[in-house]
Amino acid sequence: MTSLRDNPSNSERFIAKSRIMAQGSLTELEAVLMVARRGKFRTAALELGISTTALSNAVNKLERTLGVRLFNRTTRSVSLTEAGRQFVAQVAPALRDIHEAMDIARSQKAAPSGTLRINAFPTAAREIFSWLVLPFLRVHPQVHIDIVTEGRLVDIVEGGFDFGVRSADFVPADMIALPLGGGRRNVVVGAPSYLKAHGTPLIPQDLAEHSCLRVRLPNGAIYRWPFEKDGQSIQIDVEGAVTLDEASLARTAALASVGLTLAMESDVRDDIEAGRLVRVLEDWTPTLSPLSLYYPSRRNPTAAFKAFVDFARRYSGTSDAPRPSIG
């Protein structure tokens, strides 16, 4: 049997990791890496599920142990010092190896367990939540799923996520992608009472005469409503009394006859079928790219990771298998 002594490179890596761990607890190391990743103590604390005070204390304790300052702190920003950058560069790979070893050990258990972290656009998270995430948890109750919704594209590896869910055309080329269902559509909808009072737009340009619910993107820009018909594409900068950054609020406002809204069809399908909202400009809203579950290649995936991929593949809508019920 090969030992650490028989393989100098393995032995050196093990000794290096042991020295790092001897200088601070796993919690303190994770605290430093999360602050470095997020750039704010409050955001990092929320991500770790601890108080800002506890996070600050963990970082301060490690800095005292090392005898160097890892972060430059002001009332407005947090940045790594040069010593901090060098420390994070060395610790991050070691900590990944440690977590991987722990995950492999956990995967030897009969039932999948542990935490799976998923990053997704808010609309994508809503689309997969009822037919994929909740049924999976019913089958694998020992697995915890942590979903983070963001309107911006993120590096899921750098962010510490197991999976990402995005439109297929936004998946990075170096990721493994699993299609989730077929095409999707945006729809323009309004309450029957609104349409009765203001009329029905027949072409996108008619929206200039309507109150529309405007949506602000994460970068601060106002989303321009895209339309397409017979090869003609147009984007409309709509006007209205309300500007929002959350789609569910736009739906609520549309139901209250405040104006028209552009929504994912899956978000308002029940309202359309019940007659609470009416679809307009149907021939101007083309099919969008399907969603994809994507993830990096892993040499030793955990049992929970493998179970989630298998579950998604079975019920992704790419086969004839029926989707599980959450009832």
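Just above, that's the structure.
Values in this document were obtained by computation on a predicted structure and should not be read as measured data.

What counts and what doesn't
- Residues numbered from 1 in each chain as written.
- Predicted model: local features only at pLDDT ≥ 70, side-chain atom pairs only at ≥ 80, totals over all residues.
- Heavy atoms only, no water.
- Phe/Tyr/Trp six-rings, centres within 6.5 Å; stacked < 30°, edge-to-face > 60°.
- Helix = DSSP H or I, 4+ residues; strand = E, 2+ residues; numbered from the N terminus.
- Buried < 20%, exposed > 50% of the residue type's maximum accessible area, 1.4 Å probe, protein only.
- Lys NZ or Arg CZ within 6 Å of the ring centre and 35° of its normal.
- Salt bridge = Lys/Arg side-chain N within 4 Å of Asp/Glu carboxyl O.
- Pairing = 2+ DSSP bridges.
- Axes fitted to C-alpha atoms, helices over the stretch in contact; angles between N-to-C directions.

### Section: the packing of aromatic side chains
At step 1: All chains considered together, the criterion is met by 8 aromatic pairs.
At step 2: Aromatic pair Phe 163 and Phe 305: ring centres 4.6 Å apart, planes at 15°, arrangement stacked. Linking Phe 163 in strand S5 (residues 163-167) with Phe 305 in helix H10 (residues 303-314), this pair joins segments that are 142 residues apart in sequence. Phe 305 carries the same exposure label as Phe 163, and that label is buried.
At step 3: Measuring from ring centre to ring centre gives 5.4 Å for Tyr 295 and Phe 305, while their planes differ by 85°; the resulting arrangement is edge-to-face. Pair noted here: Tyr 295 is in strand S15 (residues 291-295) and Phe 305 is in helix H10, with a separation of 10 residues, a long-range link.
At step 4: One aromatic cluster is present, formed by Phe 136, Phe 163, Tyr 295, Phe 305, Phe 308 and Phe 311 through successive ring pairs.
At step 5: It is Arg 117 that lies over the ring of Phe 161; its NZ or CZ is 4.2 Å from the centre.

### Describing the pattern of salt bridges
At step 1: One pass over the structure, following the stated rule, counts 17 salt bridges.
At step 2: Between Arg 126 and Asp 267 there is a salt bridge, and its shortest N-O distance comes to 2.9 Å. Separated by 141 residues along the polypeptide, Arg 126 in helix H6 (residues 122-139) and Asp 267 in helix H9 (residues 265-274) bring together distant segments of the chain.
At step 3: The salt bridge involving Arg 184 is made with Glu 127; its shortest N-O contact spans 3.0 Å. Taken together, the positions of Arg 184 in strand S7 (residues 184-190) and Glu 127 in helix H6 put the pair 57 residues apart, joining distant regions of the chain. Accessibility assignment for this pair places Arg 184 and Glu 127 in one class, buried.

### Regarding the sheet that holds S5
Sheet strands line up and pair through hydrogen bonds in the backbone, either parallel or antiparallel.
At step 1: In spatial order, the strands read S4-S3-S5-S15-S6; together these 5 strands make up an open sheet with mixed pairing. Each end of this open sheet is capped by a strand with a single partner; those strands are strand S4 (143-149) and strand S6 (176-180). Sheet twist, expressed as the average angle between the axes of neighbouring strands with direction ignored, equals 25°.
At step 2: Two elements, strand S3 (residues 114-120) and S4, share 7 bridges in a ladder whose sense is parallel. Within S4, the residue paired with Asn 119 across the bridge is Val 148.

In short, geometric facts, not functional conclusions.
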